[in-house]
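# Chain and residue survey
Listed below, chain by chain, are the residues.
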Amino acid sequence: MYKAIASPLALRELAPGFSSRVGFESVAFARLGSSFTRRITTMAAGSCFEEIVTSLPKPGGGEYGKYYSLPALNDPRIDKLPYSIRILLESAIRNCDNFQITKNDVQTIIDWEKTSSKLAEIQFKPARVLLQDFTGVPAIVDLASMRDAMAKLHGDPNKINPLVPVDLVIDHSVQVDVARSENAIQANMELEFQRNKERFGFLRWGSTAFHNMLIVPPGSGIVHQVNLEYLGRVVFKTNGILYPDSVVGTDSHTTMINGLGVAGWGVGGIEAEAAMLGQPMSMALPGVVGFKLSRKLCNGVTATDLVLTVTQMLRKHGVVGKFVEFYGNGMAELALADRATIANMSPEYGATMGFFPVDHVTLQYLKLTGRSDETVAMVEAYLRANKLFVDYSEPEIERVYSSYLELDLADVEPCVSGPKRPHDRVPLKDMKADWHSCLDNKVSFKGYAVPKDLQNQVVNFSFHGQPAELKHGSIVIAAITSCTNTSNPTVMLASGLVAKRACELGLEVKPWIKTSLAPGSGVVTKYLLKSGLQKYLNQQGFNIVGYGCTTCIGNSGDLDETVASAISGNDIIAAAVLSGNRNFEGRVHSLVRANYLASPPLVVAYALAGTVDIDFEKEPIGAGKDGKNIYFRDIWPSSEEIAEVVQSNVLPDMFKSTYEAITKGNPMWNELSVPTSSLYSWDPNSTYIHEAPYFKNITMTPPGPQSVERAYCLLNFGDSITTDHISPAGSIHKNSPAAKYLLERGVVPKDFNSYGSRRGNDEVMTRGTFANIRIVNKLLNGEVGPKTIHIPTGEKLSVFDAAMRYKVKGQDTIVLAGAEYGSGSSRDWAAKGPMLLGVKAVIAKSFERIHRSNLVGMGIIPLCFKPGEDADSLGLTGHERYTIQLPSNISEIRPCQDVTIVTDTGKTFTCKVRFDTEVELTYYNHGGILQYVIRNLIQSHH
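Residues numbered from 1 in each chain as written. Predicted model: local features only at pLDDT ≥ 70, side-chain atom pairs only at ≥ 80, totals over all residues. Heavy atoms only, no water.

On inspection of all chains with the given rule, the structure shows 29 aromatic pairs. Measuring from ring centre to ring centre gives 4.9 Å for tyrosine 230 and tyrosine 659, while their planes differ by 10 degrees; the resulting arrangement is stacked. Residue tyrosine 230 is located in helix α10 (residues 223-231), and its partner tyrosine 659 is located in helix α25 (residues 652-664); the two are separated by 429 residues in the primary sequence. Judged by its relative accessible area of 30%, tyrosine 230 is partly exposed. The structure contains a cluster of three or more aromatic residues connected by ring pairs, namely Phe202, Trp205, Phe210, Tyr680 and Trp682. Over the ring of tyrosine 83 we find arginine 86, and its NZ or CZ is 4.4 Å from the ring centre. (Phe/Tyr/Trp six-rings, centres within 6.5 Å; stacked < 30°, edge-to-face > 60°. Helix = DSSP H or I, 4+ residues; strand = E, 2+ residues; numbered from the N terminus. Buried < 20%, exposed > 50% of the residue type's maximum accessible area, 1.4 Å probe, protein only. Lys NZ or Arg CZ within 6 Å of the ring centre and 35° of its normal.)

A separate point is the sheet that holds strand β8 (residues 241-244). The four strands are arranged β1-β2-β8-β7 in an open sheet whose pairing can be described as mixed. Looking at which strands have only one partner, the edges of the open sheet turn out to be β1 (53-57) and β7 (235-238). On average, each strand axis in the sheet is inclined to that of its neighbour by 35 degrees, with strand direction left out of account. As judged from the two bridges shared by strand β2 (residues 63-68) and β8, these two strands associate in the parallel manner. If you follow tyrosine 67 over to β8, its bridge partner there is leucine 242. Packing against the sheet, helix α5 (residues 83-94) makes contact with β2 and β8, and its axis sits at approximately 145 degrees to β8. Against the sheet, helix α16 (residues 373-385) engages β1, β2, β7 and β8, with an angle of about 35 degrees to β2. (Pairing = 2+ DSSP bridges. Axes fitted to C-alpha atoms, helices over the stretch in contact; angles between N-to-C directions. Contact = heavy atoms within 4.5 Å.)

Looking now at the environment of valine 450. As for its placement among the helices and strands, valine 450 is situated in the loop between α17 (431-440) and β18 (459-463). Contact partners of valine 450, with chain neighbours within four places excluded, come to Leu439, Gln455, His472 and Ile573.

To continue, consider the environment of tyrosine 83. As for its position among the elements, tyrosine 83 is in helix α5. Since its relative accessible area comes to 7%, tyrosine 83 is described here as buried. Considered as a pair, tyrosine 83 and phenylalanine 326 are 243 residues apart in the sequence and their alpha carbons are 9.9 Å apart. The contacts of tyrosine 83, once residues within four sequence positions are left out, are Glu325, Phe355, Pro357, Lys387, Leu388, Phe389, Val390, Glu396 and Arg399.

Right, let's get into helix α21 (residues 561-570). Every buried residue of α21 is listed here: Val563, Ala564, Ala566 and Ile567. Here the buried residues of α21 occupy an arc of 160 degrees about the axis, which is enough to place them on one side. In α21, the exposed positions that point more than 90 degrees away from the buried face belong to Glu561, Ser568 and Gly569. The positive-phi residue at the C-terminal boundary of α21 is aspartate 571, with phi of around 55 degrees. (Arc of directions from axis to C-beta.)

The next subject is α25. Among all positions in α25, only Met654, Phe655, Thr658, Tyr659 and Ile662 are buried. The arc that holds the buried residues of α25, viewed along the axis, is 105 degrees, so those residues lie on one side. Facing away from the buried side of α25, by more than 90 degrees, are the exposed residues Asp653, Thr663 and Lys664. Where α25 is buried, its residues contact β6 (213-216), α10, α15 (360-368), α19 (522-530) and α24 (639-649). Downstream of α25 by a residue or two, glycine 665 has a phi angle that is positive, lying close to 70 degrees.

Okay, structure coming up:
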């Protein structure tokens, strides 16, 4: 449990010898600057295990630094620990002060083989925090609002500073307004700066107002790839102490860094903000699934095919809340970029991490991406010395895992996933048959229920004066998107080779298909240009549109009016193919109901075919310039051909020059004006940046548990409600409450921008909560859309309007849900929005890990039905009123205890309250995690 550090003297009493080692008295305690920050985060815990601090010598004399030595513990259990657990162990030892992190935490981790099955609680301090701008803006809004609150409560406002190094990457989602154009990237960038000037200016202010924060300017790349290529340290060296890099990030695909041997995973913005402010993360010690890889991929099989296969296997195995650690002789053949692709998809298979321990492949990648020889030597020496390095030339001690899986890489075959979920894998050879079954099947994750007599209808229309046609399965969006695959030169260059072959044979992508290419970093542009392949991608419409999130997050931009009319006027099940990782219904584009994940070269191949209704083995893609049929096999490159192009065109200097530009910024970024004050001057008329409302009436006394009495059901959901359904994302619909709010403030529709860009304004975001057009609310009896029934009157209203009616009358609300509530991206607004709507509790069959934690962080009670029960089995319609019988004293509530819920219809049932740890109970007692942090910081100040 966190307790405030009252003074340097108190710290010395807790950690004898601390101050003498780091010159603690020389630091001005009242101002927590970055130098003090680093000492706290890396050294404070050392006193508990001083006896194992060891010097790491350099081969030519001198030392790299000192480190907390795991071998020096002389405990045989450590040799059997998975590498991912060893990283948790090292962090606990280094930060152990018997204060925030105790010796008991250390022993719990060492005894992982026994304790992990018991979901033992531990505290973890990551080495750094990673924010992308969509979550970075609300994080800095919250920090700025906390400063205001501290000032009002007579604390020192400047005490609100990140205590853990923060990397913030402005990867600004790119709305693809300009696609097929040579100057697409510059045009889109200019549009982004016009729309987001205020948001970007706020971030520049944050970079100067808060210590210990590195901001990567817009146009540099997507957060995960910048993290992999540039920010990932693998090993930190701070004040002479060496320790493993570890990171928590505000995007669930932070796990991409696991491919580099760095422990990292996604958390909600709420958890990240607390970690930034020095709070240890409370977590259940995870089980670890050992995933053995053998042999190597066959010719023509891509990393995307591998990751979709792994995703399906792990979803079936069940890995929610667990680490997955890869090992086996297949690892030696698996490129770092392929590992990163698998690691990136961890949220899709449900694991906390998909971890690849550091080995010779990792070291090769560090050299390729421009890390110095000295740094790489230090990384290798430290990890070898501390039993954190895998050497395939040495006999390995068998590690123990919670469960085991194995995949022969030679068995992986080309595939896609869809049409509505990333784990619904379809072998490429079965795609045509699977598509027809989807047309036949009842409406479901694999069905559209299209009547037989309408399945072959063809809609003819005119596209800019030329004849065009659409039918079910016709592709209208084809996007090589930044997140999953664009760290991977093999698949990116393969897509260029497919485009080149198609150009040579005379195949062309139909002009009404919206095509785009959004690399993860400028490095991709460099090697596509050097190889000469970008010109062929351009010819097929895959021009570079920007370096941020695009189609995968719903930023495809508008379809041409003629295409949109043909789809909506004829109820066509149009398709999109994208090389991203998410394809939930309604996410990619509101008019595109079938969405398939595919490798970048397959995206190009499908775009050339123009439909997903094709058997690539038997049917031609199209006719070439000589009139002959062209088949898939005619345009698909061999593995050897791809490898040769990669070897010749992906060079270390490309990485060095790309990331040197980060320190210089770009002209548009550098010209932004930056206020110098440490408190932000809020503009009440701003529709982008708004003071966070969570701290406005804060007092020094925690509010304690809040009773939930006679609450109405705001929404009644089934299974698999994702954060895409809950949290505002993508474009702002013209008839939505958020649009009404913006129109009332003089914002015209063309300037609505996206919800992501307006995440710093709670008024917009609250109105966009539960506003997904594909949301299914049982209170509406089968109708789809962002509406609900206001129970007292029976009126059908927008969710926001109904919630405000309840709030005005002081009436609490709850949400009923099925299994996997909150799956998908980790989004803080999926918890912040419901809290601001007045939701006091969510009762579900099960929760996604991060989302459950975020609900707790915002003071919302997560409750689970008993196994085998749900709202339907209990006969709940959502028209009842719900009283949750929690004790009024926090000391009487235990983690995961049973509570009784009573309805006004006489039905009573029991649920498990999902406060999983004592720390979460403490957050709930304070009304939320950030309120808890403020009170403790003020207490320490006094």
